[in-house]
Amino acid sequence: MGWRKILVLVTDGIHMIEGVKGANIYLVTGAHIFLVDTGLPGQEHRICNYLNAIGMEPSALESIVLTHYDVDHVGSVMAMQKLAKCPVYSHLLEIPYILGQKSRPGIKRWLPWAIRPIYGKLIPPTELRPWVGGEFFEDWEIIHTPGHTPGHISLYRNGIAIVGDLFQGGEIRFAPSYVTWDGIELKKSAQKVLERPLRWILPGHGPATPASSHWLDSLQKSHKR
């Protein structure tokens, strides 16, 4: 399949990079160009192919933002950091997991070893710049949305929420409880996003999803249970 056939511009200069393995990767263009998440290990060539297809080199990336530590989100961060020569940002609470200093909570702690024979070893970035939530990154609000992991973040701007594993796309729903660190915190985090005006939800898994009163009402009810 040619890259021309699978270029996906979602909205407002945000691309969802197709053809990668693992979680969705978003390329945010505009005044500041950055990636959100990097997929499984070994995806850097697919990311670079997409950049080339829209006329960009990896050096155009000014930063990489990680929504949280899971190998399917951070797997290619070291390779992309080396290619782009740019800083990597994460929530302060997530940094020990990303750097391998602590084990991820829950059953996903075993995933890096499980996928290694197929995708290769997870190599952490050389440096991480910390957030605590409440900051603005250019014109994006950084929202601390713990629950899936302790230091999970979401990004919000002008009705668009890039939510990592806070929600799954399509018929918007929470991630399964068995991969959730703290279900109570997850619902509190959902409310932080739901209280903002929404046009698009851009999840780590599933399709980019336009806001719908149907699933908004459903999530509002579920987070109160």
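This text gives an overview of the structure that appears in the document. Owing to the predicted nature of the structure, the values given are computational and were not obtained by experimental measurement. (Residues numbered from 1 in each chain as written. Predicted model: local features only at pLDDT ≥ 70, side-chain atom pairs only at ≥ 80, totals over all residues. Heavy atoms only, no water.)

**Things to note about the sheet that holds strand β4 (residues 34-36)**
- Spatially, seven strands are ordered β1-β2-β3-β4-β5-β6-β7 in an open sheet, and the strand pairing comes out mixed. Of all strands in the sheet, those bounded by a partner on one side alone are β1 (9-11) and β7 (129-131). With direction set aside, neighbouring strand axes in the sheet form an average angle of 30 degrees.
- Across the face of the sheet, helix α3 (residues 77-84) comes into contact with β4, β5 (63-65) and β6 (88-91) while running at roughly 160 degrees to β5. (Pairing = 2+ DSSP bridges. Helix = DSSP H or I, 4+ residues; strand = E, 2+ residues; numbered from the N terminus. Axes fitted to C-alpha atoms, helices over the stretch in contact; angles between N-to-C directions. Contact = heavy atoms within 4.5 Å.)

**Looking at unusual backbone geometry**
- Positioned with a positive phi, Asp12 is a non-glycine residue whose angle comes to about 50 degrees.
- Summarising the element assignment, Asp12 is placed in the loop between β1 and β2 (14-16).
- A relative accessible area of 35% places Asp12 in the partly exposed class.
- One non-glycine residue, Asn158, lies in positive phi territory at about 50 degrees.
- Structurally, Asn158 is set in the loop between β10 (153-157) and β11 (160-164). (Buried < 20%, exposed > 50% of the residue type's maximum accessible area, 1.4 Å probe, protein only.)

All we've got here are geometric facts, nothing functional implied.
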